[in-house]
Amino acid sequence: MLLDTYYQQLTAAILQQDFADQACWRVFAGQRFFYVASPLPASQLAERLLATGERITADTKLKPECVYVRSAGLQHVFRFRFLVPQEKQFCCGNLCEDCFLLRQPRS
């Protein structure tokens with residue numbers, strides 16, 4: 001599944017809930033910014049965005065990250081990303097010291 005579909009799912013999920021009137025994505029300098037029109041304070045809105053992002057990515061290794069940028073009236077701007085893990089997910093066969101096969105199981 002492409003990463004863009006997660007961003008679309010987040011937008012659809014936010015608009016279905018009752019705390020956001022409008023939501024859209026804009027890209028500036030290669031970064032995605034999430035514009036949300038909501039009467040909620042930015043801190044509560046960020047918590048709800050993260051909770052929705054975590055619900056969408058529950059069965060994946062993706063992790064949502066939400067950083068508040070600014071507000072103007074009821075319009076709030078966040079830098080929201082789905083982070084992909086930076087660890088190896090497979091064995092390449094080169095006997096690397098950080099090989100996926102040598103990793104200790106997490107408890």
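Residues numbered from 1 in each chain as written. Predicted model: local features only at pLDDT ≥ 70, side-chain atom pairs only at ≥ 80, totals over all residues. Heavy atoms only, no water.

Caption draft 1: Just the pairing of strand β3 (residues 63-72), in detail. Note: β3 against strand β4 (residues 75-83), nine bridges, orientation antiparallel. Note on β4: the bridge partner recorded for arginine 70 is valine 77. Where β3 folds back on β4, the antiparallel hairpin that results is connected by two residues, among which glycine 73 adopts a positive phi of roughly 70°. (Pairing = 2+ DSSP bridges. Helix = DSSP H or I, 4+ residues; strand = E, 2+ residues; numbered from the N terminus.)

Caption draft 2: Representation of the packing of helix α1 (residues 3-16) against helix α2 (residues 42-56). Put simply, α1 and α2 touch, their axes get as near as 10 Å, and they point 125° apart. Here α1 lies oblique to α2, going by the angle between them. In this structure, α1 meets α2 at a crossing whose hand is right-handed. The segment α1 lies against α2, with Tyr6, Gln9, Leu10, Ala13 and Ile14 engaging Leu49, Thr52, Gly53, Arg55 and Ile56. Taken together, the residues that form the contact of α1 with α2 break down as six nonpolar, three polar and one charged. (Axes fitted to C-alpha atoms, helices over the stretch in contact; angles between N-to-C directions. Parallel < 35°, antiparallel > 145°, perpendicular 65-115°, else oblique. Left-handed = near helix turned anticlockwise from the far one by under 90°. Contact = heavy atoms within 4.5 Å. Nonpolar A, V, L, I, M, F, W, Y, C, P; charged D, E, K, R; others polar.)

Caption draft 3: Spotlight on the pattern of salt bridges. Scanning the entire structure with this criterion turns up three salt bridges. Linking arginine 32 and aspartate 4 is a salt bridge whose minimum nitrogen-to-oxygen distance equals 2.4 Å. In this pair, arginine 32 is assigned in strand β2 (residues 31-37) and aspartate 4 in helix α1, connecting sequence segments 28 residues apart. Of the residues examined, arginine 32 reaches a relative accessible area of 26% and is grouped as partly exposed. (Salt bridge = Lys/Arg side-chain N within 4 Å of Asp/Glu carboxyl O. Buried < 20%, exposed > 50% of the residue type's maximum accessible area, 1.4 Å probe, protein only.)

Caption draft 4: Local environment of the packing of aromatic side chains. Following the criterion strictly, the structure yields eight aromatic pairs and no others. When the centroid spacing of 4.9 Å and the interplanar angle of 80° are considered together, the rings of tyrosine 7 and tryptophan 25 count as edge-to-face. Taken together, the residues span a long stretch of sequence, with tyrosine 7 in helix α1 and tryptophan 25 in strand β1 (residues 22-28) at a distance of 18 residues. Consider the rings of tyrosine 68 and phenylalanine 78, whose centres lie 5.9 Å apart with planes at 65°: the pair is edge-to-face. Taken as a pair, tyrosine 68 in strand β3 and phenylalanine 78 in strand β4 lie far apart in primary sequence, 10 residues in all. Clustering of aromatic rings is evident, with ring pairs tying together Tyr6, Tyr7, Trp25, Phe34, Phe80 and Phe82. A cation sits over an aromatic face here: arginine 26 above tyrosine 35, 4.3 Å from the ring centre. Residue placement shows arginine 32 over the ring face of tyrosine 7; its charged tip is 3.9 Å from the ring centre. (Phe/Tyr/Trp six-rings, centres within 6.5 Å; stacked < 30°, edge-to-face > 60°. Lys NZ or Arg CZ within 6 Å of the ring centre and 35° of its normal.)

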